[in-house]
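# Structure at a glance
Each chain, letter by letter, is given below.
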Amino acid sequence: MQETIPLIALIFHSFPEAVAMGLAGLIIIGVRPQFGKVLIYGVLSALSSFFLRQLGLDFLILLLTLSGLNIIILFFLFRLSVVKAVSAVIIATFLVLVFEGLMLTIILQNTPLTVEMIMAPENAVLRVLVALPQINLLAATAYVAYLLRGMQSASYSSVRTFY
């Protein structure tokens, strides 16, 4: 059973995480993202997560439903092929799961915090603070991919993809 997202966590955790996910997924598959559209994606993805969590779905069902919605959002917002939209969402979701697991493990092993303390509704600010390293790592991954793909140059062409 999933918990609901406090408003402060929606604004300062879910939204930045969705933006970083969008950037990382798109850049890694070779699409130079338009930042305004990425912000729209972040809002739609964060709100989808917020409302779907209200339904109390199990984690796997929630993950699959959110992934499907994110694929649809990317497909329409960025006019991607289905293959590219699916690839971007799979890559971004994988990165979030790995980075969240890594950062949460490090935090839990090196502080007196517990998952219950972090997820408690009255500790919404703590929840946001604990998520910052993971979001920063995701954004840094997007930035490194951006540099490695040469997207900062004016001559970049998104034709350079692996499929």
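Residues numbered from 1 in each chain as written. Predicted model: local features only at pLDDT ≥ 70, side-chain atom pairs only at ≥ 80, totals over all residues. Heavy atoms only, no water.

### Quick look at the environment of Ala 85
Our working definition: Starting at the N terminus, helices and strands are each numbered in turn, a helix being any DSSP run of H or I of at least four residues and a strand any DSSP run of E of at least two. We call two residues in contact whenever any of their non-hydrogen atoms come within 4.5 Å of each other.
The topology assignment puts Ala 85 in helix 4 (residues 82–110). Between the alpha carbons of Ala 85 and Phe 35 there is a distance of 17 Å; along the sequence they are 50 residues apart. Look past the residues within four positions of Ala 85 in its chain and what remains in contact with it is Ile 71, Leu 74, Phe 75 and Leu 80.

### Let's talk about helix 6 (residues 124–148)
Here is the rule we go by: A helix is expected to span 1.5 Å multiplied by its residue count minus one. Two axes enter the definition of the bend at a residue: one is fitted to the seven residues ending there, the other to the seven starting there, and the bend is the angle between them.
Its 25 residues place the ends of helix 6 36 Å apart at the C-alpha level, agreeing with the 36 Å of an ideal helix rising 1.5 Å per residue. Its maximal kink placed at Leu 132, helix 6 deviates by approximately 35 degrees, while the proline Pro 133 follows within four residues. Looking at the buried positions of helix 6, the neighbouring elements they touch are helix 1 (7–28), helix 2 (35–53), helix 4 and helix 5 (115–119). Residue Gly 150 follows helix 6 closely and has a positive phi angle near 75 degrees.

### Side note on the layout of surface pockets
For clarity, the cut-off: In this analysis, the protein atoms alone were mapped onto a 1 Å grid. Cavities are point sets where a 1.4 Å probe fits without being able to get out; pockets are open sets with protein on both sides within 12 Å along at least five of seven lines; lining residues have an atom within 4 Å of a point. Grid points are joined across faces, edges and corners, and a volume is the space filled by probe spheres set on the points. Gly is put with the polar residues, along with every residue not named as nonpolar or charged; the nonpolar set is Ala, Val, Leu, Ile, Met, Phe, Trp, Tyr, Cys and Pro, and the charged set is Asp, Glu, Lys and Arg.
The volume enclosed by the largest pocket comes to roughly 790 Å³. In terms of lining residues, the largest pocket is bounded by 33 residues, among which His 13, Glu 17, Arg 53, Val 96 and Glu 100 are the most central. Elements supplying a minimum of two residues to the lining of the largest pocket: helix 1, helix 2, helix 3 (59–77), helix 4, helix 5 and helix 6. Here the lining of the largest pocket gets eight residues from one element, more than from any other, and that element is helix 4. Here the lining of the largest pocket is composed, by residue class, of 19 nonpolar, nine polar and five charged.

### Thoughts on empty space enclosed by the protein
Inspection of the entire model under this criterion finds one cavity of 30 Å³ or more. Size it by volume and the largest cavity reaches roughly 50 Å³. Together, Met 21, Gly 22, Gly 25, Leu 26, Tyr 41, Asn 70, Leu 74, Ala 88, Val 89 and Ala 92 line the largest cavity. Elements that contribute at least two residues to the lining of the largest cavity include exactly helix 1, helix 3 and helix 4. Element by element, the count of residues in the lining of the largest cavity is highest for helix 1, at four residues. Residue classes in the lining of the largest cavity are distributed as seven nonpolar, three polar and no charged.

### A closer look at the packing of helix 4 against helix 6
Worth spelling out the cut-off: Here an angle of 0 to 180 degrees is reported between the N-to-C directions of two axes, which are lines fitted to C-alpha atoms, with helices fitted over the stretch in contact. Note on terminology: angles under 35 degrees are roughly parallel, angles over 145 are roughly antiparallel, angles of 65 to 115 are roughly perpendicular, and the others are oblique. Here a crossing is taken to be left-handed if its near helix is turned anticlockwise relative to the far helix by less than a right angle, and right-handed if that turn runs clockwise.
Direction vectors running N to C along helix 4 and helix 6 enclose 140 degrees, while the axes themselves pass 9 Å from each other. Taken together, the axes of helix 4 and helix 6 lie oblique to each other. You can see that helix 4 and helix 6 cross each other, and the crossing is right-handed. Here Leu 95, Val 96, Phe 99, Glu 100, Leu 102, Met 103, Leu 104 and Ile 107 of helix 4 come into contact with helix 6, specifically with Val 130, Pro 133, Gln 134, Leu 137, Leu 138 and Thr 141.

### Side note on a nonpolar patch on the surface
What counts here: Surface patches are drawn from residues lacking salt bridges whose relative accessible area is over 30%; two like charges belong together within 9 Å, two nonpolar side chains (Val, Leu, Ile, Met, Phe, Trp, Tyr) within 5 Å. All accessible areas in this document rest on Shrake-Rupley with a 1.4 Å probe, and a residue is counted as covered only by the protein chains that are shown. Throughout this description, the term salt bridge denotes a Lys or Arg side-chain nitrogen within 4 Å of a carboxyl oxygen of Asp or Glu.
Residues Leu 7, Ile 8, Ile 11, Phe 12, Val 125, Leu 129 and Leu 132 make up a contiguous nonpolar surface patch of roughly 630 Å² in combined accessible area. Put simply, the parts of the chain that give the nonpolar patch at least two residues each are helix 1 and helix 6. The element that contributes the greatest number of residues to the nonpolar patch is helix 1, accounting for four residues. Tracing the backbone shows Phe 12 in helix 1.

### Considering the nonpolar core
What counts here: Only buried Ala, Val, Leu, Ile, Met, Phe, Trp, Tyr and Cys residues count toward a nonpolar core, and they belong to the same one when joined by side-chain atoms within 4.5 Å. Each residue's exposure class comes from its accessible area (1.4 Å probe, protein chains only) as a fraction of the maximum for that residue type: buried when under 20%, exposed when over 50%, partly exposed otherwise.
Counting residues in hydrophobic clusters, the biggest one holds 28 residues, and the most contacted among them are Leu 26, Leu 74, Phe 78, Leu 80 and Leu 138. Those residues in contact with Leu 138, other than ones at most four positions away along the chain, are Glu 17, Ala 20, Met 21, Ala 24, Leu 95, Val 96 and Phe 99.

### Let's talk about the environment of Val 130
Within the element layout of this structure, Val 130 appears in helix 6. Put simply, Val 130 and Leu 113 are 17 residues apart on the chain and 9.9 Å apart in space, counted from C-alpha to C-alpha. Apart from residues lying up to four places away in sequence, Val 130 is in contact with Leu 104, Ile 107, Leu 113 and Ile 118.

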